[in-house]
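Examining the three-dimensional arrangement
Next come the chains, spelled out residue by residue.
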Amino acid sequence: MMPLLSWFWENHRDLPWRKDRTPYSTWISEAMLQQTRVATVLDYYPRFLKRFPDPSSLAKAKEDEVFKLWEGLGYYSRARNLMKGAAYICEHFEGKLPETPDLLIHIPGIGPYMAGAIASQAFDVPVPAVDGNCIRIYCRLHALPLVPSEKSTYNEIYSRVEKDIPKDNPGDFNEALMDLGSLICTPKSPRCSICPLADSCSANLLGKQEDFPLKKPKKETPTEEHTILKIYIGNKILVRKRPDTGLLAGLFELIDLPGTLSHSEVENWLCENLLSDDSAFAEESDSAVSADIRVIGNARHIFSHLKWNMLGYEIHIDSKAGSSADTEAVKKIAAKTKKLGKLVGPKEYASLAFASAIRAYR
Ligand code: SF4
């Protein structure tokens, strides 16, 4: 495996978390990199470390502030786990991450891969960090017809990596596998002609690189239709916080209704929930308030297990003539929003952590 390390030392990516590495910074970068591309993490990592430079500052943080810094990275359970993990480290390990995988794995949010990555990269402990890249490379190297998601595959690859990992530079070895998997031994069209392992790779010698590992037949991802309403009442916007558990837990969102609602169905919903009748929609009416509904477009968000197709509307409800009676009428409508969420001004709106699924409508 020496050619792999030599290749890594010459070609490794110059990433911020590889400079001035500490156990804490390794943990934060590994958490951010789970399910997220390197290019996306580059912006978030320095901001997060600056605001929360150690476990103790993160343990004391407010969830809303952490979520705001995390906004756009997705999979917010990782941010929540980092907070829980930081509290655990402060309570059980005097504010410092422990060295061995056996102890690291007790920390909320740290699984076998991350424990291996932290122990090897930050403490030079020779333990594997087996992720999807590593499984793909080893299946190809040894022409192993294994399904990546199966536990037996993980165990098989773990024991093979354990035999290969050097006592010197174990962290570099694990990172070399990560870089090789991201840059050279990619899922489709691996670049075998420039791979440092080409001469010893069974899949390459057989000319069957893409046959390994085995592919599991894909299940159709379920799709949900949503209608998103961005409702302005005067200059305030109606938002609501999602429940503390489940999809996008604890994040803010706009009004989200099931199904794809037509313009007239949105009018009906407004009449049932905020306006007393439909006179606000007519220009020539005695209504003290006006309501304007505009389509702001379609958007789609793909979660790991679910797709959302969304149609967004922007709605402006305001007083018609600006007289005090008209303003009173708008205040009555604003009072009705309490059962739906809360009204916030532009400054507070900008400070809230929103579900990235509705980013198109922010
Ligand atoms: S030779 Fe090709 S298939 Fe084998 S490890 Fe290298 S890139 Fe992957």
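Residues numbered from 1 in each chain as written. Predicted model: local features only at pLDDT ≥ 70, side-chain atom pairs only at ≥ 80, totals over all residues. Heavy atoms only, no water.

Right, let's get into the domain arrangement of the chain. Under the domain assignment used here, the chain contains domain 1 (2–211) and domain 2 (223–361). Inter-centroid distance (C-alpha atoms) of domain 1 to domain 2 is 41 Å. Along the contact surface separating domain 1 from domain 2 lie one salt bridge. In this structure, Lys241 and Asp64 form a salt bridge, with 3.4 Å as the shortest nitrogen-oxygen distance. Joining domain 1 to domain 2, the criterion identifies six residue pairs in polar contact (both at pLDDT 80 or more). The element contributing the most residues to the side of domain 1 that touches domain 2 is helix α5 (residues 63–70), with three residues. When the residues that make up the side of domain 1 that touches domain 2 are grouped by side-chain class, the tally is three nonpolar, two polar and four charged. (Domains from an automatic or database assignment. Salt bridge = Lys/Arg side-chain N within 4 Å of Asp/Glu carboxyl O. Polar contact = N/O pair within 3.5 Å; in protein donor to acceptor, adjacent residues only side chain to side chain. Helix = DSSP H or I, 4+ residues; strand = E, 2+ residues; numbered from the N terminus. Nonpolar A, V, L, I, M, F, W, Y, C, P; charged D, E, K, R; others polar.)

This part is about the packing of helix α8 (residues 112–123) against helix α11 (residues 170–183). Two elements in contact, α8 and α11, have axes separated by 7 Å at closest approach and are oriented at 130 degrees. Viewed along their axes, α8 and α11 adopt a mutual orientation that is oblique. Relative to α11, α8 is oriented so that their crossing is left-handed. Contacts between α8 and α11 pair Tyr113, Gly116, Ser120 and Gln121 from the former with Pro170, Gly171, Asn174, Glu175 and Met178 from the latter. The residue inventory of the contact of α8 with α11, partitioned by class, reads three nonpolar, five polar and one charged. (Axes fitted to C-alpha atoms, helices over the stretch in contact; angles between N-to-C directions. Parallel < 35°, antiparallel > 145°, perpendicular 65-115°, else oblique. Left-handed = near helix turned anticlockwise from the far one by under 90°. Contact = heavy atoms within 4.5 Å.)

Below, the discussion takes up the nonpolar core. The biggest cluster of nonpolar side chains holds 62 residues, and the ones touching the most others in it are Trp27, Ile28, Phe48 and Leu58. Elements with a minimum of two residues in this core: α2 (23–33), α3 (38–51), α5, α6 (77–92), α8, β1 (223–233), β2 (236–241) and β6 (307–319). Residue assignment places this core across two domains, with domain 1 (2–211) and domain 2 (223–361) each supplying three or more. Setting aside its immediate chain neighbours within four residues, Leu58 contacts Tyr24, Ile28, Phe48, Phe52, Val66, Leu82, Met83 and Ala86. With 28 residues, the next largest nonpolar core counts Val130, Leu144, Val161 and Leu197 among its residues. (Core = buried A, V, L, I, M, F, W, Y, C linked by side-chain atoms within 4.5 Å. Buried < 20%, exposed > 50% of the residue type's maximum accessible area, 1.4 Å probe, protein only.)

A separate point is the packing of aromatic side chains. Considering all chains together, one arrives at ten aromatic pairs under this definition. Between Tyr154 and Tyr158 the ring centres are 5.9 Å apart and the planes differ by 35 degrees, which places this aromatic pair in the tilted class. Taken together, the positions of Tyr154 and Tyr158, both in helix α10 (residues 151–164) and four residues apart, correspond to about one turn of that helix. An aromatic cluster of three or more residues is present, and its members are Phe48, Phe52 and Trp70. Positioned above the aromatic ring of Tyr349 is the side chain of Arg362, whose terminal nitrogen or guanidinium carbon lies 5.0 Å from the ring centre. (Phe/Tyr/Trp six-rings, centres within 6.5 Å; stacked < 30°, edge-to-face > 60°. Lys NZ or Arg CZ within 6 Å of the ring centre and 35° of its normal.)

Here Glu94 is to be found in the loop between α6 and α7 (101–104). Residue Glu94 is classed as exposed on the basis of its relative accessible area of 76%.

Here the focus is the environment of Met32. Looking at the element boundaries, Met32 is found in helix α2. Expressed as a C-alpha distance, the spacing of Met32 and Tyr75, which sit 43 residues apart in the sequence, is 9.4 Å. Excluding residues within four positions of it along the chain, Met32 makes contact with Val41, Tyr44, Tyr45, Phe48, Trp70, Leu73 and Arg78.

Note that β1 and β2 share two bridges and pair antiparallel. Residue pairing in the sheet places Ile233 in a bridge with Lys236 of β2. Direction of pairing for β2 relative to strand β7 (residues 342–344): antiparallel, over a ladder of three bridges. Within the sheet, the bridge partner assigned to Ile237 lies in β7 and is Val344. With two bridges joining them, β2 and strand β3 (residues 252–253) adopt antiparallel strand pairing. Within the sheet, the bridge partner assigned to Lys241 lies in β3 and is Phe252. (Pairing = 2+ DSSP bridges.)

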